[in-house]
Amino acid sequence: MTPRKKTVLEFTLNGEPRAVLCEPQQTLLAVLRDELHLTGTKEGCSNGNCGACNVLLDGVLVNSCLILALEVQGRGVLTVEGLARPDGTLHPLQQAFLDHAALQCGICTPGFLLSAKALLDENPTPTESQVRYWLAGNLCRCTGYDKIVRAVLDVARSQSAAHATPPPVSPA
Amino acid sequence: MPSLSASPDGSVAPALRVVGTRPVRPDGIDKVTGRALYGADITLPGLLTGRVLRSPLAHARIVRVDTSAARALPGLKAVVTAADLPPAPDRIEDLGEGAIDLRYLSDNLLAREKVLYHGHAIAAVAASTPEIAEQALALIRVEFEPLPPVMTASAAMKPDAPLLHAGLKTDRMGQRDAAPSNVASQLRHERGNLDDGFRRAAVVIDRRFRTETVHQGYIEPQASTAHVQADGQITIWTSTQGTFAVRSQVAEVLGLPVSRIKVVPTEIGGGFGGKISVYLEPLAVLLSRHAGFVPVRLVMSRTEVLTSTGPTSGSDLRIRIGADTSGKLVAMQAELYYEAGAYPGSPVGAAAVVSFAPYVCEAMRVDGYDVVVNRPRASAYRAPGGTNVAFAVESVIDELAESLDLDPIEMRLINAVREGDRRPDNLPLARIGYVECLQALRQSEHYRTPLTGRHRGRGVACGYWGNWGGQSSATAILNPDGSVSFNVASTDIGGSRASLAMQLAESLGIDYAQVKPRIGDTDSVSYNDVTGGSRTTFATGWAAYDLGQKLAAEMTARLAQRWEVAPESILRAGGGFASGDRRVDFAEASKLVCEDAPLMVSTTVHPKGYGAAFSVQCADVEVDPDTGKVTVLRYTIVQDAGKAVHPSYVEGQMQGGVAQGIGWALNEEYVYNEKGELLNGSLLDYRMPTACDLPMIDTIIVEVPNPGHPYGVRGVGEVNIIPPAGTLANAIHRATGVRLTALPMSPPRVLAALWEKSGYRP
Amino acid sequence: MCKVLIPALLRSQTEGKAEVEAEGTTVGEVIRHLDVRFPGLAERLLQDQRLRPGLGVAVDGEISHRGLREPVRPTSEVIFIAAVSGG
Ligand code: FES
Ligand code: FES
């Protein structure tokens, strides 16, 4: 079998420009994991049913197992590796997942974090049932979702509280 | 090995500083930032991709496997079939998941004469790319002679049923029947006089139940990588509940000494019992060897996970129970037929114990049958066997309570087992907190708040699980800065690094943050049983406690020498050491004692006294009369945890077990056609609960200390999956007047039952 | 004399008795002693000098991990049970 012709894929990954050779049949998930060795994005089903592979594509939540890598040409992708600040400060959702013990095995966690971020970006003050419906595309077999939903609601609450009071003036 | 004993009265040290708090888990950062490496994340230079060819048929004789066309494919590096496995040893060994016949384990890896289920592995290949590997699978020609499939216990037990294994004869506790059969074994527990008991009964309920095959549903598919070096040394990186269980299984089926095999655990994305048996590891080893000593990685697809790993038994059950007018149970009888899948070994033994364990009754008989059918070989799933039988028993108990006009909690309190009462197999129970759980539920806000509204009902059920102890090993290395490196071999599926580090910190009197847990491979920590059986926080926790005691004793001895005082004169307070007016904190002491020589201690424990677990649950449901859909409105779990080391993770175990139980009860099932082909091998069609299928799940942790553990811990992981099906069946009954006797209670089934009750014919 | 509870399917070997008395300082000795009184009982319990696969024994309420070597006292209660594993 002759290898298929490779194409250069150029896109922004977690804020950095990247170029990678990939084959036309490769999914975004495969390129992230196998070519770029960013294995934080997980594969639970390969057909859009579990959400473990969720990433944001230009801010929109997608299953990276259902997107061909070449579809992201020139676009921006955010994965779990890009959530924390470069100085290591965790994203509030990451911190909340830790504080609420919202992960047991942790395999579903990257996908949930991206889904929850997409939700809060779109709707900063969701109700419990809005959180549940939004996260229905992410399967977790360990937690029963209780602590995950609480973590997301907690972040929503503290962020909207932070917005309600003017932020302290920073010295810089 | 130290002799282990907790204080006989079960009293727990009054001031626990660490145990009972809720710190962030040590591996948390890696898991929320995507850095943690799971089975499929392992990569090595020159890594090849493996794939497995699986049977499209449920039952067939293999006439021939022709791999010649595949072997000719450029880029293909190795092909293996059952012919490459050493002859299967005809022996029974306990390799981590109870006794298994090595012949069956081997045959399940790669089919020899027959395929026994849709998805049974026949061949494996390794290639430089996934595409080539898949092309190679398509080039392997398998000639079958199809046989009629046997899909259920009742079909398998018909006199003219086709036999899965020509040589299988029913074993009745050491005595084999003369004729071959699909019934691998029978067991029986019996006490008292059943006929007399039923004669004394004022009311007798006799019902038959059916439950379907379900899967553990871990989100991470099986993934294993192996590298065989030219000198024969083997390294396996795998996602498993037990590295030593993998090592011994691989050694047995490949005929290798364990010393040649090193198993390195990756992070594990859920197991629930399904990641104890090996599926991929021996294949990866064979492929690596055949490919010329290069590493090979095998990762299952979700469809392979569903067709070829895991599931737990479907079952046919008959439960007959009699009670007198006061509600006291006077006779209990169960017949349990568990589908083992393709090879003997269903969890019917555990089911027979679970069955009537929460109830005191003088006349009891439980018969269990292990029946082979053309489905994947059953493996452990969280409290294996418990959910099926408890669904049936708890339904019948509820029906009795109702006919006697007794509150369901009262009914259970009247008959509740207490310390010293006996399980169906006559084993007496140690100190348990079952009655305390029932009382806590009765006093809960949930139970005291009346449920109102049409088509709504509240159900209650309970569950017993025996738990397990097993062997654990650990080492602790004292660092001069006062931190302790803590090496264990128990893989961490749900936060056990935290609960173990907390116990070591408690034992040493130091802060949790000073303990650095690490999970070692099979060459760096001594033998350790699997993370399963709700044993890790209990037994490896014992090891952590023991390490702390040993480390402190050694530090005391060294300080005594340095200070020239008797060791007994050294007192311990707040983690520090003091003698006379000399006083050092733990960090100072560490620096001093490490100046003399490095300090490392290790321990191996095999504790008894693991203490049984009870869970009592209550659910409110609403049933849609038009669709049959059951919505869970509210759910409360009460569990005796002995002592919750990290309450958040205890709650998580409770909620997770119940979520799985709710899925089992309401939606999950393997759907086969008449040819024995699995029709729902995807997560779209195998319907596990999502966030919008569940409410918040309230937890009430009861703490009746287990006298067999220094902090009172008892296992919590498994028992919570036992009561949900019964809880929901009882709630549905109270909502609709309809009693469902088959799982799952999915919308079509509920609707059919509603229609039958109302006489409606669509 | 310790007390031994006989599993239901083995009571055909013990004249229907659910409970018998036996002598011995270990489970192995207890079985040997019982086999004299109830010939054939040992064969049902043992295989290759070990408890049969899938069979366990509890002494005084604790499931043993020493099998036939588990010590037994004159006041002990010995129960043969199905070995069960978890997930
Ligand atoms: S792997 Fe993409 S949704 Fe499951
Ligand atoms: S934490 Fe294991 S699947 Fe969600």
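What counts, and at which threshold
Residues numbered from 1 in each chain as written. Chains lettered and ligands numbered in written order. Predicted model: local features only at pLDDT ≥ 70, side-chain atom pairs only at ≥ 80, totals over all residues. Heavy atoms only, no water. Buried < 20%, exposed > 50% of the residue type's maximum accessible area, 1.4 Å probe, protein only. Helix = DSSP H or I, 4+ residues; strand = E, 2+ residues; numbered from the N terminus. Pairing = 2+ DSSP bridges. Right-handed = clockwise from strand over helix to strand, strands pointing away. Contact = heavy atoms within 4.5 Å. Buried area = accessible area lost by both parts, 1.4 Å probe. Salt bridge = Lys/Arg side-chain N within 4 Å of Asp/Glu carboxyl O. Axes fitted to C-alpha atoms, helices over the stretch in contact; angles between N-to-C directions.

Caption draft 1: Region of interest: the pairing of strand 14 (residues 234-238) of chain B. Residues and elements named next belong to chain B. Counted residue by residue, strand 14 has 5 buried out of 5 residues, so it is predominantly covered. Of the two faces of strand 14, both are covered, the one formed by Ile234, Ile236 and Thr238 as well as the one formed by Thr235 and Trp237. Where strand 13 (residues 223-228) and strand 14 come together, 5 bridges link them in antiparallel fashion. Following the sheet pairing, His227 is matched in strand 14 by Thr235. Between strand 13 and strand 14, which pair antiparallel and follow one another directly, the connecting turn spans 5 residues, one of which, Gly232, has a positive phi of 90 degrees. In the sheet, strand 14 pairs with strand 15 (residues 261-265) via 5 bridges, with the strands oriented parallel. When the bridges of strand 15 are listed, Thr238 appears paired with Pro265. For the handedness criterion, the β-α-β arrangement of strand 14, helix 7 (residues 243-254) and strand 15 is classed as right-handed.

Caption draft 2: Quick look at the interface of chain B and chain C. Across the contact, 39 residues belong to chain B and 25 residues belong to chain C. Between chain B and chain C lies a buried interface of about 2500 Å² when both sides are counted; carbon and sulfur atoms form 60% of it. For chain B, the biggest contributors to the area lost against chain C are B:Met173, B:Leu427 and B:Lys608; these three give 27% of the whole. At the junction of chain B and chain C, the tally comes to 2 salt bridges. The residue C:Glu70 makes a salt bridge to B:Lys608 at a minimum N-O spacing of 3.3 Å.

Caption draft 3: The arrangement of the sheet that holds strand 14 of chain B in detail. All names here are of chain B. The strand order across the open sheet formed by 7 strands is 3-7-1-16-13-14-15, and the pairing between neighbours is mixed. Of all the strands in the sheet, the pair left with one neighbour each is strand 3 (76-81) and strand 15. Averaged over all neighbouring strand pairs, the angle between strand axes comes to 20 degrees, with direction disregarded. Where strand 13 and strand 16 (residues 296-299) come together, 4 bridges link them in antiparallel fashion. By the bridge assignment, Ala226 is partnered in strand 16 with Val296.

So yeah, pure geometry; function would need other evidence.
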